[in-house]
There are 2 protein chains.
Amino acid sequence: MNSFLVFLKEENMSLFTDFYELTMCASYFDNKKFEPATFDLFIRRLPANRSYLLFAGLEQVLLFLKSVKFTVEHLSYLKKQDFDQPFLDYLRNFKFTGDVWAVPEGTLVFPCEPLIRVTAPIIEAQLVETFLLNTVNLQTTIATKASRVVNAAKGKAVVEFGLRREHGIDAGMKVARCSYIAGCQGTSNVLAGLSYDIPIFGTMAHSFVMSYEKEIDAFRAFAKTFPNKSTLLIDTYDDIAGAEKAATVSKELERKGCRLGGVRLDSGDLMKISKKVRKLLDEKGLYYIKIFASGDLDEFKIAELLKEGARIDAFGVGTKMGTSADKPYVDIIYKLCETMRESGNFSPIMKLSEGKITLPGRKQVYRFKYKDGNFAKDIIALADEKVKGKPLLVKVMEKGEIIYDLPSLDEIRATAAESLSKLPERYKQLTGAPTYPVELSQDLEILIRKLKKKLTKKDF
Amino acid sequence: MNSFLVFLKEENMSLFTDFYELTMCASYFDNKKFEPATFDLFIRRLPANRSYLLFAGLEQVLLFLKSVKFTVEHLSYLKKQDFDQPFLDYLRNFKFTGDVWAVPEGTLVFPCEPLIRVTAPIIEAQLVETFLLNTVNLQTTIATKASRVVNAAKGKAVVEFGLRREHGIDAGMKVARCSYIAGCQGTSNVLAGLSYDIPIFGTMAHSFVMSYEKEIDAFRAFAKTFPNKSTLLIDTYDDIAGAEKAATVSKELERKGCRLGGVRLDSGDLMKISKKVRKLLDEKGLYYIKIFASGDLDEFKIAELLKEGARIDAFGVGTKMGTSADKPYVDIIYKLCETMRESGNFSPIMKLSEGKITLPGRKQVYRFKYKDGNFAKDIIALADEKVKGKPLLVKVMEKGEIIYDLPSLDEIRATAAESLSKLPERYKQLTGAPTYPVELSQDLEILIRKLKKKLTKKDF
């Protein structure tokens, strides 16, 4: 192989799937099973410490569904995997023709709530499973984590700095996207800046300082190039000595009518050092110099730093946010909830595996609010049931065509900010938050009881 | 945006970088700093429970270095970020022209050992940092985790099943690649199968079973399509009842001269259930039916299952391996270790930031073996120092050209197997393994003492 990204193309995403999707589909095809079915994509339970989920990834899901197809190269590879010719001929003309309902990106959601509901001939609905899970898992995991970090920063800027340890190229891009959705000010990832029109930020690394014999020479060199927007990294040798030199350089800039932007701390006791550095800068009248902190930060460290009075104006948050290091996934699944029987009627379906019970039937989620507009509770109901409250799922795709105006990234970010502002504070505690109430409707409860009885009684 | 992968192209990887790499390079350029420098890529410390690292990702690094360039679109975007025209003109003709030494993929390595050593004009060496870290971080993190899982399975097959919760598209591909390097038998990821020629595996999902009114109808339908290689998922309703039906279907297949491949368990107490299912199948003479287990597995669960005598023939391992869930990154860094001073001589460099000290100078790693061929210890030495032992770093790139025969994936896998077989067993314990000895050479120790003295004394 003399190329390293050659397979990461949209046209190859049909094969970006678990092999069992294809074997199941081959068997559906072989057994002439073409009737429609409905699948729910949802998250079974909250990761530790999380008390809500910030949904993201729908745009990529819809663009995938619209474009999924099999190429000649794919069919030739699948032939080698022993699929028979009639099924390969079916795949040659494959197109996703289903209907999709989904929650808009940037919406706060909770466990067991359907986030994407796919109704399509069962082969089509089954074949797209892996891509949908992969896309929503990453983006929802990271958006949720990033919103916690932004929340902990209490209005101070947070910039996503994790590119070097995020999981590969697509993750580097998507983490920038969903951190921005969650309220970060921007990213260090330049390609994400170009791709998504997200603000990009950067300062300097230790290597820049170390490439000069004296630290102050490095500062002067950088300030020469960026006289009005330098942020100097001051901890390469000794932060206080570094801050002194940054102050010297900022005075030199002042004499040229310019201003140093900030200093960055990347190691040590950020609480103590930031206070000392602030004092040093203030004593020299350099009130305008911002203190930027980075280095192994997450929502817990930021909350602690701010609680203890750290004098930090902005946070660069990397690895722990960009990989959601304490829990790098959500328990996301895609489950059959109804299928059409021979009668031509849809029949609700549920699964009884130990600890893995699912909700049957085609469903909608309703959100109820207090008088002040804050979220009070959600109810998961059957789609045809009459329930007050605001329905969260909207129809986004009909017969394989997107019938939804894809919002801009800034609109999604605004949705997230609005949604987060309406979630009562107690649910936003970093640890020990109470459980947001999600109830099942009466009709759904009745259906579940009926199916449980049937499943445990009958010879399935 | 009406496309979802449009930016994931090789030609865009120059911008897959932290913004500060570009600001630093602009300042190097502005200050006419073109002299060569050397950077080491290494891992600072072991993640919890890990006692070695399995190095992976070099192939993509070399292909990136060979191809990195800036397009017209990139330059126009960077112009909007206020870079000046002379620097943009420099980028227009940018090409990586450096020398690279690296450890071959599949080699076991330890903290602080240089894994990739880049010597190039400082702008070039700096600009490529982020991509190198991102690529090696993901692959080494996963290869290391997967090798632990394979080791825990004690010769039973392990298949990588995590695509749905791996971090995006590139991760889905790279996890399949480095799980295979680490000894997995294959992956569920069909595109990885096509792309890397890795064996692909798949069974069926609960949805397939649930789409039929009766479980046995689902089994019969699947066995009809794949009469000689069906693995039936038997836990949708009740595993023992499911096993009974699988036995019935396998007897039906026998009458047609075919054989059921296996049954899969995906929930519940795998130890107890696997024993019951094995007994049930054996009592019917179905010794040939394999038991395949999946569901929230990692190296610890697999070790426990096997220790307690679970009757499992193969493991499908997903999320926890594919995200390295207990530690989804390694503490990987890329640090300046020498730079050319005005004198024209290279001068070794080290950093003193709290807890972040680096090793100065151009280095080589030597591995020492016991008489039986097993690894005894490593020594990190200066590159021009005379040391016995096998040098690990080989020259892979000269003046920007790859001068190394990129091994095939199977060759890398063989290197990993060989390397793992030579690591004494005590270092492969899943927890509490002793620390493999990595020493610094005498000359390196002397250099460090000299530089520490200089750095703490002088006005840096």
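If you're wondering where the values come from, they're calculated on a predicted model, not measured in any experiment. (Residues numbered from 1 in each chain as written. Chains lettered and ligands numbered in written order. Predicted model: local features only at pLDDT ≥ 70, side-chain atom pairs only at ≥ 80, totals over all residues.)

Moving on, we get to unusual backbone geometry. All names here are of chain B. Even without being glycine, Asp 197 reaches a positive phi, approximately 60°. Looking at the element boundaries, Asp 197 is found in the loop between helix H8 (190–196) and helix H9 (206–210). Assessed through the 13 C-beta atoms surrounding it within 10 Å, Asp 197 is described here as partly exposed. Phi at Ser 324 takes a positive value of approximately 50°, unusual for a residue other than glycine. Position of Ser 324 relative to the elements: it lies in the loop between helix H14 (319–322) and strand E12 (332–340). (Helix = DSSP H or I, 4+ residues; strand = E, 2+ residues; numbered from the N terminus. Buried ≥ 20, exposed ≤ 12 C-beta atoms within 10 Å, placed from the backbone.)

With that settled, the discussion passes to helix H2 (residues 58–67) of chain A. All names here are of chain A. The buried count for H2 comes to eight of ten residues, which makes it a mostly enclosed element. Within H2, burial applies to Leu 58, Glu 59, Gln 60, Val 61, Leu 62, Leu 63, Phe 64 and Leu 65. Here the buried face of H2 lies against strand E3 (99–102), strand E5 (116–121), helix H6 (129–152), strand E17 (394–398) and strand E18 (401–402). (Contact = placed C-beta atoms within 7 Å.)

The next thing to look at is the domain arrangement of chain A. Residue and element names in this part refer to chain A. Each domain of chain A was delimited in the assignment, giving domain 1 (34–63 + 98–142 + 335–457) and domain 2 (150–322). For domain 1 and domain 2, the distance between their C-alpha centroids amounts to 39 Å. Taken together, the contacts link 14 residues of domain 1 with 16 residues of domain 2. Mapped onto the side of domain 1 that touches domain 2, the elements with two or more residues apiece are H6 and helix H15 (409–422). (Domains from an automatic or database assignment.)

The next point concerns the nonpolar core. Among the nonpolar cores identified, the biggest contains 298 residues, and Leu 41 and Leu 232 of chain B are the most heavily contacted of them. Beyond its immediate stretch of four places on either side in the chain, Leu 232 of chain B contacts Met 204, Phe 219, Phe 222, Ala 246, Val 249, Leu 260, Val 263 and Arg 264 of chain B. (Core = buried A, V, L, I, M, F, W, Y, C linked by C-beta atoms within 7 Å.)

Look at helix H1 (residues 19–30) of chain A against helix H10 (residues 215–225) of chain B: their axes get within 9 Å of each other, and the N-to-C directions meet at 95°. One way to sum up the angle between H1 of chain A and H10 of chain B is to call them roughly perpendicular. Mapping the contact onto sequence places Ala 26, Ser 27 and Asp 30 of chain A in H1 of chain A and Ala 221, Phe 222, Lys 224 and Thr 225 of chain B in H10 of chain B. A per-class count over the contact of H1 of chain A with H10 of chain B returns three nonpolar, two polar and two charged. (Axes fitted to C-alpha atoms, helices over the stretch in contact; angles between N-to-C directions. Parallel < 35°, antiparallel > 145°, perpendicular 65-115°, else oblique. Nonpolar A, V, L, I, M, F, W, Y, C, P; charged D, E, K, R; others polar.)

Our next topic: the relation of the copies chain A and chain B. Once turned by 180° and shifted 0.0 Å along the axis, chain A lies on chain B with an RMSD of 0.0 Å. Such values leave the two copies arranged in the relation of a two-fold axis. Of all interface residues in chain A, 100% are interface residues in chain B too; the two copies therefore contact each other through one and the same surface. (Least-squares fit on C-alpha atoms with pLDDT ≥ 70 in both.)

We now examine the sheet that holds strand E10 (residues 290–294) of chain B. Residue and element names in this part refer to chain B. Ordered in space as E7-E6-E11-E10-E9-E8, the six strands form an open sheet in which the pairing is parallel. Bordering the open sheet on either side are strand E7 (186–187) and strand E8 (231–233), each of which pairs with just one other strand. Pairing geometry for strand E6 (residues 157–160) and E7, over two bridges, is parallel. Within E7, the position partnered with Val 159 by the bridge is Gly 186. (Pairing = 2+ DSSP bridges.)

Contact residues are listed per partner, giving 94 residues for chain A and 94 residues for chain B. When residues of the side of chain A that touches chain B are assigned to their parent elements, the largest contribution, eight residues, is made by H1 of chain A. Counted by class, the side of chain A that touches chain B contains 44 nonpolar, 32 polar and 18 charged residues.

So, on to helix H15 (residues 409–422) of chain B. All names here are of chain B. Along its 14 residues, H15 runs 20 Å from first to last C-alpha, staying within 8% of the 20 Å computed at 1.5 Å per residue. Taken together, the buried positions of H15 are occupied by Ile 412, Arg 413, Ala 416 and Ser 419. Viewed along the axis of H15, the buried residues span an arc of 125°, placing them on a single side of the element. Residues of H15 that are exposed and point more than 90 degrees away from the buried face comprise Asp 410 and Ser 421. Looking at the buried residues of H15, the elements they touch are strand E2 (53–54), strand E4 (108–109), helix H6 (129–152) and helix H7 (168–181). (Expected span 1.5 Å × (residues − 1). Arc of directions from axis to C-beta.)

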